[in-house]
Amino acid sequence: MTDDRFFRRSGPFVLGDLARHIGAEVPCDASAKFSVHGLAALDKAESGEVSVFSEAQHRDSFQNSHASVVVTNNALSKHEHNGTMLLLCENPRLAFAQIGHLFYPRNLPKSGIHAQAHIDPSARIGAGTYIGAGAVIGADVKIGERCRIDCNAVIEESVSIGDDCDVGANTCISHAMIGNRVRISTNVSIGGEGFGFVPGPKGLLRVPQLGRVLIEDDVEIGGNCAIDRGGMDDTVIGRGTAIDNLVQIAHNVRIGKYCVIAGQAGVAGSSTIGDFVMIGGQVAVKDHVTIGAHARIAGKSGVMRDVGAKESVAGVPAVPVREWHRQTLALEKLTQKPNGKAS
Amino acid sequence: MTDDRFFRRSGPFVLGDLARHIGAEVPCDASAKFSVHGLAALDKAESGEVSVFSEAQHRDSFQNSHASVVVTNNALSKHEHNGTMLLLCENPRLAFAQIGHLFYPRNLPKSGIHAQAHIDPSARIGAGTYIGAGAVIGADVKIGERCRIDCNAVIEESVSIGDDCDVGANTCISHAMIGNRVRISTNVSIGGEGFGFVPGPKGLLRVPQLGRVLIEDDVEIGGNCAIDRGGMDDTVIGRGTAIDNLVQIAHNVRIGKYCVIAGQAGVAGSSTIGDFVMIGGQVAVKDHVTIGAHARIAGKSGVMRDVGAKESVAGVPAVPVREWHRQTLALEKLTQKPNGKAS
Amino acid sequence: MTDDRFFRRSGPFVLGDLARHIGAEVPCDASAKFSVHGLAALDKAESGEVSVFSEAQHRDSFQNSHASVVVTNNALSKHEHNGTMLLLCENPRLAFAQIGHLFYPRNLPKSGIHAQAHIDPSARIGAGTYIGAGAVIGADVKIGERCRIDCNAVIEESVSIGDDCDVGANTCISHAMIGNRVRISTNVSIGGEGFGFVPGPKGLLRVPQLGRVLIEDDVEIGGNCAIDRGGMDDTVIGRGTAIDNLVQIAHNVRIGKYCVIAGQAGVAGSSTIGDFVMIGGQVAVKDHVTIGAHARIAGKSGVMRDVGAKESVAGVPAVPVREWHRQTLALEKLTQKPNGKAS
């Protein structure tokens, strides 16, 4: 059961509707009308709630769960359980997330602009968009419909934002063109000057940073990230890419579609990341490097040269992940005595 | 001498009172009445000030210090000095910190709510609490007594905060229950959505994040940290834990009591950290890992599997710290010629 | 061509003036009067624009560029090109940056203080300084002339800021003395309490943090950085140093002049960095370490002991960079079979 003070629950829904929503079959007429009022983890769920069983290691929780309904797949459903109703589908985690969105749809923002928001008269704000107290909307900004610009966010001059976007509190956006359904969390910095300097006679001379940040549809950006605008070119985040907290994206970086970039990773200037790339936490990608589509970079790696499509790499410098495992083992052996004990 | 423009000093205090405050003896009646008006490092202190000598390597500074009083222990007091008065105690650093709090107590906040703060009428604010200009307090928020909510901080709907807490400027808090005497610095993001996605037919589907952040009493959180709320469960920070700047705490993480987590460390989703654990700077802890009580993780390590109680680990992947030293040495030897020089 | 909605272009300038500005010769009278209206990368430039050719690997772009003018050096100018006019100089990148500043000078801020900024009556604000909506300027703050304090920035009590400084939106500054021409980006935290604790009988006792942050002239600080004030001493950032995004500078750190510190690097407490040091991305520098002038620290390194002047180091623990390369090679060899293939 979630804390209703923080989350607004829809429903209840009858089991038949849940099943249709996720493409599962319902066993019989009687249970199709069973009313489900919420969702929870197996070991927290109560009567009337739906849960999910997606990994065999949780079979004890499955067996003892008080959930009335459990989403699982055919194989896992063979584990012992206490007679709970089952919704069988191929991908229980996906189905459960879909049920989650049914119970907790994205709230339409409270419509309206707070009296203490600061909106430049030349800004254009779409219908149904909410702008919180203390938010600042600069000259010539365009914001689409049904957006939520949270309190004290600052949207600088000429930025454009599409429809159905969320911009978190205290986030700053400048020099950016943002698509639809983009969700940006709190304390994010978008559009800052890239870190480009040339040594000159009087110390470092900043290279003027004259590009933009282009963020395509359906991108998610976590809290406290910093995404710099391009130098001569643009910085681009491709459609559907998800970025975790505290990530650094430097100037001129191009990130493909549907990438996943975990917390505290950093991509240095002018590197190019293909589609569907997965980047682990605290990874560093050097500047001017190319990473092919569907590549996977293990957490804490340092990518110092190009990575091919579908390659998996790890380590500093990053090497194919199997090679990295061999290196790790070889290093362990080095420190062992002939009898196999550590020296 | 500290800069009085930034720090409000109490005192002066007579030496006898300082001694009693830290549990030290005073040598004689005359000096017990000596007036001490401030504190400083050995090499900066002036007449009338108290300093600390806690490590033998600073014996030259001790010998030459102009401090009138020095806090030290019995062993260190044997080093030569210029006749300064000594306060002897077992733990000079602790004693000196206690004296610091005597001279610089936590300022009671200026009481009152700034006219340009935005307070929802349903919020409940305790007596003696200060709320700065531009701060936003949402519906049904509860804030205890003697708190300081600094300028432009945003406390979202239904958050509760105990007594004697500090929330820094431009910090955002949502979906959180916070205890007493919690100190949160500036530009912190608490309660954002965890980084949970399931691959689906139309790209990544976000897993609804329906948990909270629970922060127990006496926790400290540094600037620009990001602490996500739980997915189905809660994210928990245990009593007395201290977290440095730019730290990432992912969804469902449980951190024990009195842990110390240094700057730029990150703990991935659903990991569990025991009590009194020390985590160095830029450490990464993988998701779903358990770290036992009193474990120590060396800076820059990557923890990829469980760590036992009281274990010390280092490296990527993290191994027992003695093993890591052996590996480092073995690697150095590999590159040396038989005569011992680097090849 | 840059996006004029975001960048205000000066000009056009005649080629003769551009040449004089960068100390290059102009080939003949006719071209000296040629009018140049903008700048762009080689492959984006159009007729009437100036570009730069500074690395041989871009010779194809040079050959096919539509730029009317290209800045390059004598050696590179021998590559084939399509008859574009050339401006020859020793350091084309520096010259092109200088031309960039000619076309895009730092905008003088819109002068004036926004009606919804919160300025303490005791603050002193210099002529020509702009303060944005929602910014908070505390008691006894001094801000020089021609500064730009962006929206929702918070400048706490007694901070002083010199002339011609930029402070980004939602940045927080306390306990700091800041020189001239300092540029601080968005969501930065300056002056927070250092991470100093002593174990005591009731858990950790915070060590009072009674120092300041001193930032010298011409420093640049990227988005979402955290720079703590000193404990007993000050934290110092030397003249002309450039710091990228998400960097952590701990208490009592002293950074020299003209250093370059890349994204997500961290320097732990009381370490000292000499002048002209270059620190790569995600580097960690241990506490109480000294790094000599002109040293270079490769990205992702962990510096655990002193580094001499002009040394280049890499790895964790950081060793001379040539030694690190040898170690990396030795580790690769370990996992290869005698025939040279990976085992």
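Let us look at the structure shown here.

Procedures and definitions
- Residues numbered from 1 in each chain as written.
- Chains lettered and ligands numbered in written order.
- Predicted model: local features only at pLDDT ≥ 70, side-chain atom pairs only at ≥ 80, totals over all residues.
- Helix = DSSP H or I, 4+ residues; strand = E, 2+ residues; numbered from the N terminus.
- Buried ≥ 20, exposed ≤ 12 C-beta atoms within 10 Å, placed from the backbone.
- Contact = placed C-beta atoms within 7 Å.
- Pairing = 2+ DSSP bridges.
- Right-handed = clockwise from strand over helix to strand, strands pointing away.
- Nonpolar A, V, L, I, M, F, W, Y, C, P; charged D, E, K, R; others polar.
- Arc of directions from axis to C-beta.
- Least-squares fit on C-alpha atoms with pLDDT ≥ 70 in both.

1. So, the overall build of chain A
(1) Moving on: Scanning chain A from N- to C-terminus turns up five helices and 39 strands.
(2) Moving on: Principal axes of the C-alpha set define a box for chain A whose edges measure 80 × 75 × 30 Å.
(3) Moving on: Each of the 343 residues in chain A was classed as buried or not, and the buried ones make up 57%.
(4) Moving on: Within chain A, contacts between residues at least 6 apart in sequence are counted, and of these 20% link residues at least 24 apart.

2. A short note on unusual backbone geometry
(1) Moving on: Cis peptide bonds are those with omega within 30 degrees of zero, and the linkage from A:Val316 to A:Pro317 qualifies with -5°.
(2) Moving on: Take A:Pro317: it is sitting in the loop between strand S38 (312–314) and strand S39 (319–320).
(3) Moving on: Residue B:Gly11 is joined to B:Pro12 through a cis peptide bond whose omega torsion reads 0°.
(4) Moving on: Position of B:Pro12 among the secondary structure elements: in the segment before strand S1 (13–14).
(5) Moving on: Here A:Arg181, not a glycine, exhibits a phi torsion of approximately 55°, which is positive.
(6) Moving on: Looking at A:Arg181, the number of C-beta atoms within 10 Å reads 19, which means it is partly exposed.
(7) Moving on: If you check the backbone angles, A:Gln282 has positive phi at about 60° while not being a glycine.
(8) Moving on: As for its placement among the helices and strands, A:Gln282 is situated in the loop between strand S33 (278–279) and strand S34 (284–285).

3. Re the sheet that holds strand S32 (residues 272–273) of chain B
Think of a sheet as strands paired side by side through backbone hydrogen bonds, with each pair either parallel or antiparallel.
All names here are of chain B.
(1) Moving on: Sheet architecture is open: nine strands sit in the order S9-S12-S15-S18-S23-S26-S29-S32-S35, paired in parallel fashion. The open sheet has two edge strands, strand S9 (124–125) and strand S35 (290–291), and neither has a second partner.
(2) Moving on: Summarising the sheet, S32 and S35 pair through two bridges and their orientation is parallel. By the bridge assignment for S35, Thr272 is matched with Thr290.

4. Considerations on the pairing of strand S5 (residues 69–72) of chain A
All names here are of chain A.
(1) Moving on: Side chains Val69 and Val71 project from S5 onto one buried face, and the interleaved Val70 and Thr72 project onto a second face that is buried too.
(2) Moving on: Relative to S5, strand S4 (residues 49–52) runs parallel, the two sharing three bridges. Each residue of the ladder has a partner; that of Val50, found in S5, is Val69.
(3) Moving on: With helix H3 (residues 59–64) bridging S4 and its parallel neighbour S5, the resulting β-α-β unit is right-handed.
(4) Moving on: One ladder, built from four bridges, connects S5 with strand S6 (residues 85–88); its direction is parallel. Its bridge partner being in S6, Val70 is matched across the sheet by Leu86.

5. Section: the environment of B:Gly230
Residues and elements named next belong to chain B.
(1) Moving on: Assignment of secondary structure puts Gly230 in the loop between strand S25 (226–228) and strand S26 (235–237).
(2) Moving on: A tally of 27 C-beta atoms within 10 Å means that Gly230 is categorised as buried.
(3) Moving on: A sequence separation of 155 residues divides Gly230 from Ala75, and the C-alpha atoms of the two residues are 50 Å apart.
(4) Moving on: Discounting residues that sit within four places of it in the chain, Gly230 has contacts with Gly194, Gly211, Arg212, Thr235, His251 and Asn252.

6. Structural notes on the interface of chain C and chain A
(1) Moving on: Listed per partner, the contact involves 50 residues of chain C and 45 residues of chain A.
(2) Moving on: With six residues, helix H4 (residues 92–103) of chain C is the single largest residue contributor to the side of chain C that touches chain A.
(3) Moving on: When grouped by side-chain class, the residues that make up the side of chain C that touches chain A number 18 nonpolar, 26 polar and six charged.

7. Re helix H1 (residues 15–22) of chain C
(1) Moving on: If you check which residues of H1(C) are buried, you get C:Leu15, C:Leu18, C:Ala19 and C:Ile22. Relative to the axis of H1(C), the buried residues are bounded by an arc of 100° and lie together on one face.

8. Digging into the relation of the copies chain A and chain B
What relates the two chain copies is a rotation about an axis together with a slide along it.
(1) Moving on: Overlaying chain A with chain B gives an RMSD of 0.1 Å, the required rotation being 120° about an axis along which the chain moves by 0.0 Å. Such a turn and shift between the copies fits a three-fold axis.
(2) Moving on: A low fraction, 16%, of the interface residues of chain A reappear at the interface in chain B, so the copies pair through non-equivalent surfaces.

9. Remarks on the environment of C:Thr186
(1) Moving on: For C:Thr186, the location among the structural elements is in the loop between strand S19 (183–184) and strand S20 (189–192).
(2) Moving on: When the 32 C-beta atoms within 10 Å are taken as the criterion, C:Thr186 is described as buried.
(3) Moving on: Note: C-alpha distance between C:Thr186 and C:Val285 (99 residues apart in sequence) is 24 Å.
(4) Moving on: Once residues within four sequence positions are removed from consideration, C:Thr186 is found in contact with A:Cys172, A:Ser189, A:Gly192, C:Gly168, C:Ala169, C:Asn170, C:Thr171 and C:Gly223.

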